[in-house]
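One letter stands for each residue in the lines below.
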Amino acid sequence: MPDSEELDKILKELKKKGDPQAPIPADDNQIKAEEPEAAESEETISSKEAPAEKISEDFEISEQSDSPRIIISDEPEYEEYEEINVSNSNSNKKKIITIAAAVIAVIAIIVAVVLIKGNSKEPETTAPISTTEPTTAAPVIVNNPLTNEGNYNQSAAKARPAAIVVENAAQARPQWGINDETNSPDIIVEGEVEGGEARMLWLYADYTALPDQIGPIRSARPPFIKFSEMFDAIFIHWGQSSSKGNYIGANTVFQEDGVDHINQMAFSDKVGLFGRDKSRGVSSEHTGVIYGDKLAEAIAQEGFRTEAKDGSYTKFNFNNEDKTVSETDCSTIDVRFSSRSKTRTWAFSDEDKMYHSSDYQTDVARKNILVLYDTTEYVVKENYKGSGRSETYCEYKLAGGTGKLATMGTITDITWSVENGMLVLKDSQGKALSLNTGKTWIGWASANNGGSDTE
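The shown structure was predicted, so the numbers you read here are calculated from the model rather than taken from an experiment.

**Looking at the overall build of the chain**
Then step 1. In terms of helices and strands, the chain carries six helices and 25 strands.
Then step 2. With an accessible surface of roughly 24,800 Å², the chain has 47% of that area assigned to carbon and sulfur atoms.

Have a look at this one:
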């Protein structure tokens with residue numbers, strides 16, 4: 001069928017040929033009237049109607065015969081209608097009826113073309129409206145690897161911990177940062193160093209989240225360096241013991257084990273990590289501190305590896321919810337590191353389900369109290385610092401052995417060992433030990449030189 005442009009073209013051509021102002025030849029369009037033999041019916045047209053009505057613009061009159069021939073244009077072909085005889089023997093009635101029929105036919109064709117063109121249009125489509133709400137990725141939940149506590153810094157999930165040496169002499173108490181409300185140590189390891197005195201190693205899983213001030217910072221000892229290696233920690237200290245005679249000092253362990261450490265006495269402190277707090281009026285060895293917000297910059301300055309190695313990082317097992325470990329009550333536990341040391345006392349509180357100690361001249365609370373019994377040896381270094389006198393160091397062998405776990409007001413026997421450089425804890429049946437979520441204190445006691453625990 002012709003499209004709208006072709007149809008317009010045909011109509012214009014027909015209009016041009018069928019100009020109503022042009023005269024219509026008498027022999028083709030005007031017929032002599034006949035005498036009616038009877039009264040005309042409603043369909044009879046008076047013979048006095050001359051000239052003929054204007055022929056529709058949609059057809060033309062053939063001039064090739066005496067009788068007019070109506071041809072309907074429908075390019076590219078022309079559909080030919082029957083010839084209509086309008087001789088003198090016929091009446092005007094037949095001519096006009098025929099013309100009217102032709103006009104109706106043309107109109108029908110035009111309507112059909114329009115309808116077909118309308119229906120041939122591509123149906124308009126609209127994007128389907130989604131009724132599905134956009135999905136939101138579930139938040140990543142990261143727990144502190146040393147305590148299993150939530151709301152942990154996701155960016156620190158694979159970071160190496162920091163291990164910081166803090167003293168526990170009477171002049172050092174209360175230690176700065178030990179009971180910090182938001183960033184107290186995740187694990188406190190405490191054991192004997194020399195002369196019956198104890199020293200601590202504070203472990204932080206996220207070294208970017210530390211108290212403003214930590215201290216007093218003291219010198220490194222080989223057993224504490226070895227303990228920190230089980231957690232792949234970066235070691236922070238102020239001074240170190242040195243090898244002499246049959247004594248192997250911290251300086252040798254750092255070198256032989258390739259430990260990443262920051263020693264105030266050898267550190268080019270461009271970031272202001274170390275300082276002194278003399279507000280207590282004690283001797284200078286009890287005043288050294290680090291400023292927590294500077295440690296990350298100091299580690300970056302040294303270029304240390306910051307991601308922990310899975311194969312050398314101790315990871316404790318934790319219960320999904322707090323559990324007792326036995327039917328044996330443990331409202332208090334007193335721990336001695338050796339026969340030379342003083343006692344550390346912890347008391348259980350039903351209010352917060354934590355063990356508390358005031359031995360640090362402040363309230364320190366822990367969820368888990370672990371006692372690890374290890375083989376110890378006292379090693380004498382002669383002419384200590386050129387003074388002519390000797391110094392006796394307590395050396396832990398990290399040989400493994402027995403121990404205790406107190407939590408939720410109960411206590412149980414455990415065993416421990418070092419496997420593939422990591423600390424492994426088991427219950428009395430030899431199964432993996434699970435701690436309750438929270439912070440832990442580890443009392444490193446001598447199995448052969450008078451270490452003990454009393455409930």
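**Brief notes about the sheet that holds strand β10 (residues 274–276)**
Then step 1. Here we have three strands laid out as an open sheet, ordered β7-β11-β10, and antiparallel in their pairing. Across the chains shown, the open sheet's two edge strands, defined by having one partner strand only, are β7 (213–214) and β10.
Then step 2. Bridge count between β10 and strand β11 (residues 288–291): three bridges; the pairing is antiparallel. When the bridges of β11 are listed, arginine 276 appears paired with glycine 288.

**Things to note about the layout of surface pockets**
Then step 1. Of the pockets and cavities examined, the largest pocket occupies roughly 650 Å³.
Then step 2. If you go around the largest pocket, you meet 31 residues; those closest to its centre are Arg218, Ser219, Arg221, Tyr384 and Lys385.
Then step 3. When contributions to the lining of the largest pocket are tallied by element, the ones reaching two or more residues are β6 (198–204) and β19 (391–396).
Then step 4. Of the residues assigned to the lining of the largest pocket, the class counts are eight nonpolar, nine polar and 14 charged.

**Concerning helix α6 (residues 295–302)**
Then step 1. For α6, every residue scored as buried is listed here: Leu295, Ala298 and Ile299. One face of α6 carries all of its buried residues, which in axial projection span an arc of 100 degrees.
Then step 2. Downstream of α6 by one or two residues, glycine 303 has phi in the positive range, about 70 degrees.

**Details of the packing of helix α4 (residues 222–229) against helix α5 (residues 250–257)**
Then step 1. Two numbers describe how α4 lies on α5: the axes approach to 8 Å, and their chain directions differ by 30 degrees. Here α4 lies roughly parallel to α5, going by the angle between them. Between α4 and α5 the crossing geometry is right-handed. Contacts between α4 and α5 involve Pro222, Ile225, Lys226 and Glu229 from the first element and Ala250, Val253, Phe254 and Asp257 from the second.

Conventions used here
Residues numbered from 1 in each chain as written. Predicted model: local features only at pLDDT ≥ 70, side-chain atom pairs only at ≥ 80, totals over all residues. Heavy atoms only, no water. Helix = DSSP H or I, 4+ residues; strand = E, 2+ residues; numbered from the N terminus. Areas by Shrake-Rupley, 256 points an atom, 1.4 Å probe, with all protein chains shown as cover. Pairing = 2+ DSSP bridges. 1 Å grid on protein atoms, 1.4 Å probe; cavity = no way out; pocket = protein on both sides within 12 Å on 5 of 7 lines; lining within 4 Å. Points joined across faces, edges and corners; volume = space filled by probe spheres on them. Nonpolar A, V, L, I, M, F, W, Y, C, P; charged D, E, K, R; others polar. Buried < 20%, exposed > 50% of the residue type's maximum accessible area, 1.4 Å probe, protein only. Arc of directions from axis to C-beta. Axes fitted to C-alpha atoms, helices over the stretch in contact; angles between N-to-C directions. Parallel < 35°, antiparallel > 145°, perpendicular 65-115°, else oblique. Left-handed = near helix turned anticlockwise from the far one by under 90°. Contact = heavy atoms within 4.5 Å.

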